[in-house]
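# Close look at the chain arrangement
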Amino acid sequence: MKVDGSEQEQITTDENNDWFAHPSPDGKWIVFLTFDNQVPAGKHPANKNVALRLMNLSTKKITRLATLFGGQGTINVPSWSPDSTHIAFVSYQLKPKK
């Protein structure tokens, strides 16, 4: 979409639940989090197995960067380095209850 929020365009069309799209500073990539289709559309919970995926905006090709435990909180804030070469994200484990 444009900066003013107009001309929104859906860019993923698979059966998964994609969230938290972050465009790279150079405008060539979008990194986003994918929940499997067992998570209802419109939900983005914590404590789930998720995939961190990268889309090349020129080709629309999507690459899976990592499969991890996370969800809400994994890439909620802008995650790119200023030169578009690195991405920060959070993965965690739950501590067993005693």
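For the structure itself, consult the block above.
Residues numbered from 1 in each chain as written. Predicted model: local features only at pLDDT ≥ 70, side-chain atom pairs only at ≥ 80, totals over all residues. Heavy atoms only, no water.

## Considerations on the overall build of the chain
The secondary structure content of the chain amounts to zero helices and four strands. Along the chain, from the amino end to the carboxyl end, the secondary structure elements read β-β-β-β. Its C-alpha atoms give the chain principal-axis dimensions of roughly 50 × 30 × 25 Å. The 98 residues of the chain split such that 30% are buried. Total accessible area on the chain stands at roughly 6900 Å², and carbon and sulfur atoms take up 53% of it. (Helix = DSSP H or I, 4+ residues; strand = E, 2+ residues; numbered from the N terminus. Buried < 20%, exposed > 50% of the residue type's maximum accessible area, 1.4 Å probe, protein only. Areas by Shrake-Rupley, 256 points an atom, 1.4 Å probe, with all protein chains shown as cover.)

## Concerning the side chain of Arg 53
Tracing the backbone through its elements, the reader meets Arg 53 in strand E3 (residues 48-56). Polar contacts involving the side chain of Arg 53 include one to the side chain of Asp 14, which spans 2.7 Å. A polar contact of 2.8 Å, which involves the side chain of Arg 53, links it to the side chain of Thr 34. Setting aside residues up to four positions removed in sequence, Arg 53 forms contacts with Asp 14, Asn 16, Asp 18, Ile 30, Val 31, Phe 32, Thr 34, Ile 62, Thr 63, Arg 64 and Leu 65. (Polar contact = N/O pair within 3.5 Å; in protein donor to acceptor, adjacent residues only side chain to side chain. Contact = heavy atoms within 4.5 Å.)

## A few points about the pattern of salt bridges
Under the defined criterion, the tally for this structure stands at two salt bridges. Asp 14 is the partner of Arg 53 in a salt bridge, and the nearest nitrogen-oxygen pair spans 2.7 Å. Of this pair, Arg 53 sits in strand E3 while Asp 14 sits in the segment before strand E1 (17-23), and the two are 39 residues apart along the sequence. On the basis of relative accessible area, Arg 53 is assigned to the buried category, the value being 10%. One salt bridge connects Arg 53 with Asp 18, and the closest N-O pair in it is separated by 3.3 Å. Of this pair, Arg 53 sits in strand E3 while Asp 18 sits in strand E1; the two residues are 35 residues apart in sequence, bridging distant segments of the chain. Through salt bridges that share partners, Asp 14, Asp 18 and Arg 53 make up one connected network. (Salt bridge = Lys/Arg side-chain N within 4 Å of Asp/Glu carboxyl O.)

## Observations regarding the sheet that holds E3
Reading across from one edge, E1-E2-E3-E4 is the order of the four strands in this open sheet, with antiparallel pairing throughout. Strands with a single pairing partner mark the edges of an open sheet, and in this sheet they are E1 and strand E4 (62-70). The mean angle between the axes of side-by-side strands here comes to 25°, regardless of whether they run parallel or antiparallel. (Pairing = 2+ DSSP bridges. Axes fitted to C-alpha atoms, helices over the stretch in contact; angles between N-to-C directions.)

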